[in-house]
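# Descriptive structure summary
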Amino acid sequence: MSTENLPQSPEQPPRKPRVAVVFGGRSSEHGISVVTAGAVLKAIDRTKYDVLPIGITQDGRWALTADEPERMAIVDRRPPSVDALAESDEGGVILPVDPANREVVYSEPGSVPKALGEVDVVFPVLHGPYGEDGTLQGLLELSGVPYVGSGVLSSAVGQDKEYMKRVFTSFGLGVGPYVVVRPREWERDETAARKKIMDFAGEHGWPLFVKPARAGSSIGITKVDDLSGLDEAIAEAQRHDPKILVEAALRGREIECGVLEFEDGPRASAPAEIPTPEAHAYYDFEAKYIDSTPGIVPAPLTPEETAEVQRLAVDAFEAASCEGLVRADFFLTEDGEFVINEINTMPGFTPISMYPQMWQASGVSYPELVDRLVQAALRRSTGLR
């Protein structure tokens, strides 16, 4: 029988890629992650992508949250939280662990699990441990779900300031003087661990910066001007991480540079300069996110200095085998040398953050930046690459 004259069913339009924006998390940077997610949710092109917001509470529960970016802002100097955005106090989102199945499921006690549909790419805007450090990336690799940003090793290296500096040194990138004290050293011999820091201070002088080795957003960092403030600074750093890093102060200008993965490889943005905030001893958490201390974009550098810091930023991206995006932070010392301080594989990504501002100055708007990161993730496969 001929089907020539039978009515034809209309073709179904192709399904838009579904992007799961995962945010919050168990680290001390929970609130900033929520702010970042609000900016991403507001900027992502809804005509091009379906979006599924998934929040991780501070106790580690994966929650289905409202798609309401306006509620993800700092109010009265207080960052937002996933708990306030979660649609239920008990329900949980479950990612697939079978690479052949990308369907996300939502489950509540006493209810039939509800399928939320397949996820094509995850945009993890988590900062700090349990998200930015390779842990979430490992879960997504097991699930076979592509994701924005660096892989397991690069994310781990980018989170641990000690091993980050070791990698940079091995690739010929200059780093400042530092010393690391691990938790076992404190447990074995607290006196010897403290002497290690004192010997470092004796060699490099005061002030020192005492930091959690695996934290970001300047949380837990103390500038120590003399011996009297050292114990309190150590205790504050250990409140966020049992492993601490102590750095010598470098005299010079703070310069940042963004790296973004394009189709032909990574490129560097216009650099920015971070002036010392008047109301703060250094560029700390409150200066960054509460008082919104402005950076200078583009940084007032010579063409030669600009080209050099852009080259070094891409070199750092490549040294740590990064993907997607990186913000690289440098000191331009008084003798004209760039010293790399650290990289951030998921930098602050609010509209007032330096990474988007540097790309805005380079001709890439915030919505285009989000789109480029999603497209780069969709081009990549999971697994060894």
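Residues numbered from 1 in each chain as written. Predicted model: local features only at pLDDT ≥ 70, side-chain atom pairs only at ≥ 80, totals over all residues. Heavy atoms only, no water.

## Let's talk about the packing of helix H4 (residues 152-159) against helix H5 (residues 161-170)
The cut-off we apply is this: Note on method: axes are straight lines fitted to C-alpha atoms, helices fitted across the in-contact stretch only, with angles between N-to-C directions ranging 0 to 180 degrees. By the criteria applied, helices consist of DSSP H or I runs no shorter than four residues and strands consist of E runs no shorter than two, each listed in order from the N terminus. By the definition adopted for this analysis, an angle is roughly parallel if under 35 degrees, roughly antiparallel if over 145, roughly perpendicular if from 65 to 115, and oblique otherwise. Throughout, a residue-residue contact means that at least one pair of heavy atoms, one from each residue, lies within 4.5 Å. Charged residues are taken to be Asp, Glu, Lys and Arg, nonpolar residues to be Ala, Val, Leu, Ile, Met, Phe, Trp, Tyr, Cys and Pro, and polar residues to be all remaining types, Gly included.
For the pair H4 and H5, interaxial distance at closest approach is 5 Å and the crossing angle is 105°. For the element pair H4 / H5, the angle class is roughly perpendicular. Counting all contacts with H4, which are made through Val-157, Gly-158 and Gln-159, the residues of H5 involved are Lys-161, Tyr-163, Met-164 and Val-167. Looking at side-chain class alone, the contact of H4 with H5 contains 4 nonpolar, 2 polar and 1 charged residues.

## Quick look at the sheet that holds strand E7 (residues 121-124)
Working definition: the strands of a sheet are paired by backbone hydrogen bonds and lie parallel or antiparallel to each other. Basically, it comes down to this: At least two DSSP bridges between two strands are required for those strands to pair.
In spatial order, the strands read E3-E2-E1-E7; together these 4 strands make up an open sheet with mixed pairing. Each end of this open sheet is capped by a strand with a single partner; those strands are strand E3 (62-64) and E7. Mean inter-strand twist for the sheet, computed between neighbouring axes without regard to direction, equals 30°. Its contacts with the sheet put helix H1 (residues 30-43) on strand E1 (18-24), strand E2 (50-56) and E7, and the angle it makes with E1 is roughly 155°.

## Observations regarding unusual backbone geometry
Cis geometry is found at the peptide bond from Trp-206 to Pro-207, where omega equals 0°. Here Pro-207 lies in the loop between helix H7 (190-204) and strand E9 (208-212). Cis rather than trans, the peptide bond between Val-297 and Pro-298 has omega equal to -5°. Following the sequence through the fold, Pro-298 ends up in the loop between helix H9 (285-290) and helix H10 (303-319).

## As for the packing of aromatic side chains
Here is the rule we go by: Aromatic rings from Phe, Tyr and Trp, with only the six-membered ring used for Trp, were paired whenever their centres fell within 6.5 Å, and each pair was classed as stacked if the ring planes differed by under 30 degrees, edge-to-face if by over 60, and tilted otherwise. Accessible area is worked out with a 1.4 Å probe on protein chains only. A residue is then buried under 20% of its type maximum, exposed over 50%, and partly exposed in between. In this scheme, the term charge over a ring applies when either NZ of a lysine or CZ of an arginine sits within 6 Å of the ring centre and within 35 degrees of the ring normal.
Scanning all chains against the criterion turns up 5 aromatic pairs. When the ring of Phe-330 is compared with that of Phe-338, the centres are 6.2 Å apart and the planes differ by 80°; the resulting orientation is edge-to-face. Since its relative accessible area comes to 2%, Phe-330 is described here as buried. Its relative accessible area of 11% is what places Phe-338 among the buried residues. What links up through ring pairs into an aromatic cluster is the set Phe-123, Phe-349, Tyr-355 and Tyr-366. In this structure, Lys-165 is placed above the aromatic ring of Tyr-178, and the distance from its NZ or CZ to the ring centre is 5.6 Å.

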